[in-house]
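Fold and geometry: a report
Here is what each chain is made of, one letter per residue.
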Amino acid sequence: MALLSILQYPDPKLHTLARPVKEVDARIQGLIADMVETMYDANGIGLAATQIDVHERLIVIDVSEERNEPLVLINPEILWASEERVLNEEGCLSVPGIYDGVQRSTQVRVSALDGEGKPRTVEAEGLLAVCIQHEMDHLLGKVFVEYLSPLKRNRIKSKMLKTRRALGKSDVA
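All values derive from a computational prediction rather than experimental measurement.

Procedures and definitions
- Residues numbered from 1 in each chain as written.
- Predicted model: local features only at pLDDT ≥ 70, side-chain atom pairs only at ≥ 80, totals over all residues.
- Heavy atoms only, no water.
- Helix = DSSP H or I, 4+ residues; strand = E, 2+ residues; numbered from the N terminus.
- Buried < 20%, exposed > 50% of the residue type's maximum accessible area, 1.4 Å probe, protein only.
- Lys, Arg positive; Asp, Glu negative; His and termini not counted.
- Salt bridge = Lys/Arg side-chain N within 4 Å of Asp/Glu carboxyl O.
- Polar contact = N/O pair within 3.5 Å; in protein donor to acceptor, adjacent residues only side chain to side chain.
- Contact = heavy atoms within 4.5 Å.
- Expected span 1.5 Å × (residues − 1).
- Arc of directions from axis to C-beta.
- Disulfide = S-S within 2.5 Å.

On to the side chain of aspartate 62, then. Relative to the helices and strands, aspartate 62 resides in the loop between β2 (58-61) and β3 (71-81). Buried within the structure, aspartate 62 lacks any salt-bridge partner; arginine 67 is the closest side chain of opposite charge, at an N-O distance of 4.5 Å. At 3.1 Å, the side chain of aspartate 62 forms a polar contact with the backbone nitrogen of asparagine 68. Those residues in contact with aspartate 62 that sit more than four places away from it in its chain are Met39, Tyr40, Ile45, Arg67, Asn68, Glu69 and Pro70.

Here it is in C-alpha coordinates:
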(Lines give C-alpha, C1' and ligand atoms only; values in the text may rest on other atoms or scores of the structure.)
Protein backbone atom coordinates (compact mmCIF):
# COMPACT_ATOMS: atom_id res chain seq x y z
CA MET A 1 0.00 0.00 0.00
CA ALA A 2 1.08 3.56 -0.62
CA LEU A 3 0.09 7.06 0.39
CA LEU A 4 -1.17 9.03 -2.58
CA SER A 5 -0.93 12.77 -3.27
CA ILE A 6 -4.22 14.61 -2.91
CA LEU A 7 -4.93 17.35 -5.45
CA GLN A 8 -5.51 20.76 -3.88
CA TYR A 9 -8.13 23.28 -4.94
CA PRO A 10 -8.04 25.17 -7.31
CA ASP A 11 -6.23 22.49 -9.37
CA PRO A 12 -8.21 22.23 -12.63
CA LYS A 13 -7.87 18.41 -12.57
CA LEU A 14 -10.43 18.43 -9.74
CA HIS A 15 -12.99 19.46 -12.38
CA THR A 16 -12.47 16.35 -14.53
CA LEU A 17 -15.51 14.14 -15.08
CA ALA A 18 -14.75 10.60 -13.89
CA ARG A 19 -15.42 7.70 -16.22
CA PRO A 20 -16.96 4.39 -15.10
CA VAL A 21 -14.71 1.63 -13.79
CA LYS A 22 -14.85 -1.08 -16.46
CA GLU A 23 -13.59 -3.98 -14.36
CA VAL A 24 -12.93 -4.51 -10.67
CA ASP A 25 -9.50 -6.12 -11.02
CA ALA A 26 -6.25 -6.20 -9.06
CA ARG A 27 -5.40 -2.65 -10.19
CA ILE A 28 -8.68 -1.28 -8.81
CA GLN A 29 -8.36 -3.30 -5.59
CA GLY A 30 -4.82 -1.95 -5.09
CA LEU A 31 -6.10 1.57 -5.76
CA ILE A 32 -8.86 1.04 -3.16
CA ALA A 33 -6.30 -0.05 -0.54
CA ASP A 34 -4.09 2.97 -1.31
CA MET A 35 -7.08 5.34 -1.19
CA VAL A 36 -8.25 3.98 2.18
CA GLU A 37 -4.73 4.32 3.60
CA THR A 38 -4.44 7.86 2.20
CA MET A 39 -7.86 8.85 3.60
CA TYR A 40 -6.97 7.56 7.08
CA ASP A 41 -3.52 9.19 7.00
CA ALA A 42 -5.12 12.56 6.10
CA ASN A 43 -7.76 12.17 8.86
CA GLY A 44 -10.53 12.30 6.27
CA ILE A 45 -13.86 10.52 6.19
CA GLY A 46 -14.08 10.24 2.42
CA LEU A 47 -11.91 10.30 -0.69
CA ALA A 48 -12.85 10.21 -4.36
CA ALA A 49 -10.46 8.89 -7.01
CA THR A 50 -10.69 12.30 -8.72
CA GLN A 51 -8.91 13.83 -5.72
CA ILE A 52 -5.85 11.67 -6.35
CA ASP A 53 -5.86 12.42 -10.09
CA VAL A 54 -7.44 9.09 -11.09
CA HIS A 55 -10.55 9.93 -13.05
CA GLU A 56 -12.62 6.82 -12.48
CA ARG A 57 -15.90 6.48 -10.57
CA LEU A 58 -14.55 5.21 -7.25
CA ILE A 59 -14.98 6.54 -3.72
CA VAL A 60 -14.00 5.33 -0.27
CA ILE A 61 -15.69 6.48 2.93
CA ASP A 62 -15.41 5.71 6.63
CA VAL A 63 -17.59 7.62 9.09
CA SER A 64 -17.21 5.03 11.89
CA GLU A 65 -15.93 6.11 15.31
CA GLU A 66 -13.18 3.48 15.26
CA ARG A 67 -12.16 4.30 11.67
CA ASN A 68 -12.26 0.62 10.74
CA GLU A 69 -15.34 0.30 8.51
CA PRO A 70 -14.33 1.51 5.05
CA LEU A 71 -17.15 1.68 2.54
CA VAL A 72 -16.16 1.26 -1.11
CA LEU A 73 -18.50 2.51 -3.84
CA ILE A 74 -17.55 1.82 -7.45
CA ASN A 75 -19.65 3.45 -10.19
CA PRO A 76 -22.09 4.86 -7.61
CA GLU A 77 -25.45 6.23 -8.73
CA ILE A 78 -27.99 8.00 -6.52
CA LEU A 79 -31.29 6.17 -6.90
CA TRP A 80 -33.19 8.44 -4.51
CA ALA A 81 -32.50 11.50 -2.38
CA SER A 82 -34.84 12.88 0.27
CA GLU A 83 -36.49 16.21 -0.31
CA GLU A 84 -35.60 17.10 3.27
CA ARG A 85 -32.28 18.92 3.30
CA VAL A 86 -29.91 20.02 6.00
CA LEU A 87 -27.16 22.64 6.16
CA ASN A 88 -23.90 21.02 7.29
CA GLU A 89 -20.42 22.37 7.82
CA GLU A 90 -18.32 20.59 5.21
CA GLY A 91 -14.62 20.35 4.72
CA CYS A 92 -12.55 18.58 2.10
CA LEU A 93 -9.12 16.99 1.89
CA SER A 94 -8.61 18.96 -1.34
CA VAL A 95 -9.40 22.25 0.45
CA PRO A 96 -7.59 21.80 3.78
CA GLY A 97 -8.53 24.05 6.66
CA ILE A 98 -11.65 25.42 4.96
CA TYR A 99 -15.13 24.63 6.30
CA ASP A 100 -18.45 26.11 5.24
CA GLY A 101 -22.14 25.31 5.09
CA VAL A 102 -23.57 23.24 2.24
CA GLN A 103 -27.17 22.06 1.83
CA ARG A 104 -27.54 18.31 1.21
CA SER A 105 -30.33 15.75 1.28
CA THR A 106 -30.65 14.10 4.69
CA GLN A 107 -31.05 10.62 3.17
CA VAL A 108 -29.93 8.89 -0.02
CA ARG A 109 -30.17 5.48 -1.63
CA VAL A 110 -27.20 4.58 -3.81
CA SER A 111 -26.44 1.64 -6.09
CA ALA A 112 -22.82 0.73 -6.69
CA LEU A 113 -20.34 -2.10 -6.88
CA ASP A 114 -18.37 -3.01 -3.77
CA GLY A 115 -14.62 -3.62 -3.63
CA GLU A 116 -15.13 -7.14 -4.99
CA GLY A 117 -17.23 -5.95 -7.91
CA LYS A 118 -20.53 -7.17 -6.44
CA PRO A 119 -23.64 -4.99 -6.82
CA ARG A 120 -24.97 -3.39 -3.65
CA THR A 121 -27.49 -0.81 -2.54
CA VAL A 122 -26.65 1.53 0.33
CA GLU A 123 -29.33 3.34 2.33
CA ALA A 124 -27.67 6.26 4.10
CA GLU A 125 -28.71 9.07 6.39
CA GLY A 126 -26.98 11.73 8.44
CA LEU A 127 -23.22 12.09 8.07
CA LEU A 128 -22.92 9.08 5.75
CA ALA A 129 -25.55 10.52 3.36
CA VAL A 130 -23.77 13.89 3.33
CA CYS A 131 -20.37 12.26 2.76
CA ILE A 132 -21.67 10.13 -0.13
CA GLN A 133 -23.13 13.22 -1.83
CA HIS A 134 -19.91 15.20 -1.27
CA GLU A 135 -17.69 12.45 -2.70
CA MET A 136 -20.01 11.81 -5.64
CA ASP A 137 -19.77 15.51 -6.49
CA HIS A 138 -16.01 14.98 -6.95
CA LEU A 139 -16.75 12.31 -9.58
CA LEU A 140 -18.73 14.98 -11.45
CA GLY A 141 -15.81 17.41 -11.21
CA LYS A 142 -17.40 19.52 -8.49
CA VAL A 143 -15.72 20.73 -5.28
CA PHE A 144 -17.88 21.77 -2.31
CA VAL A 145 -16.69 25.40 -2.50
CA GLU A 146 -18.67 25.70 -5.73
CA TYR A 147 -21.84 25.73 -3.61
CA LEU A 148 -20.61 28.91 -1.95
CA SER A 149 -20.98 32.48 -3.17
CA PRO A 150 -18.49 33.70 -5.80
CA LEU A 151 -17.00 36.06 -3.20
CA LYS A 152 -16.33 33.24 -0.72
CA ARG A 153 -15.06 30.96 -3.48
CA ASN A 154 -12.60 33.61 -4.72
CA ARG A 155 -11.36 34.27 -1.18
CA ILE A 156 -10.78 30.54 -0.67
CA LYS A 157 -8.99 30.25 -4.02
CA SER A 158 -6.72 33.19 -3.14
CA LYS A 159 -5.98 31.73 0.29
CA MET A 160 -5.15 28.32 -1.16
CA LEU A 161 -2.82 29.82 -3.78
CA LYS A 162 -1.12 32.03 -1.17
CA THR A 163 -0.58 29.00 1.08
CA ARG A 164 0.92 27.02 -1.83
CA ARG A 165 3.33 29.87 -2.62
CA ALA A 166 4.32 30.15 1.07
CA LEU A 167 5.11 26.42 1.07
CA GLY A 168 7.23 26.86 -2.06
CA LYS A 169 4.88 24.92 -4.31
CA SER A 170 4.14 26.14 -7.79
CA ASP A 171 0.74 27.57 -8.64
CA VAL A 172 -1.66 25.28 -10.40
CA ALA A 173 -2.62 26.12 -13.94
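Its 17 residues place the ends of helix α3 (residues 150-166) 24 Å apart at the C-alpha level, agreeing with the 24 Å of an ideal helix rising 1.5 Å per residue. Restricting attention to buried positions, one finds in α3 the residues Ile156, Met160, Leu161 and Arg164. Looking down the long axis of α3, one finds its buried residues gathered within 130 degrees of arc, a one-sided arrangement. In α3, the exposed residues that point more than 90 degrees away from the buried face are Leu151, Arg155, Lys162 and Ala166. Residues of α3 that are buried make contact with β5 (95-105). Once α3 finishes, glycine 168 follows within two positions and takes phi at roughly 80 degrees, a positive value.

This part takes up unusual backbone geometry. The omega torsion across tyrosine 9 and proline 10 is 15 degrees, close enough to zero to call that bond cis. As for its placement among the helices and strands, proline 10 is situated in the segment before α1 (26-41). Positive phi values are uncommon outside glycine, yet asparagine 43 reaches one of about 60 degrees. Here asparagine 43 lies in the loop between α1 and β1 (46-48). For asparagine 43, a relative accessible area of 69% translates into the label exposed.

Looking now at the state of the cysteines. What the rule picks out here adds up to zero disulfides. Unpaired in this structure, cysteine 92 has its nearest cysteine sulfur neighbour in cysteine 131, at a distance of 9.9 Å. Under the relative-accessibility criterion, cysteine 92 is labelled buried at 10%. Assessed through its relative accessible area of 5%, cysteine 131 is described here as buried.

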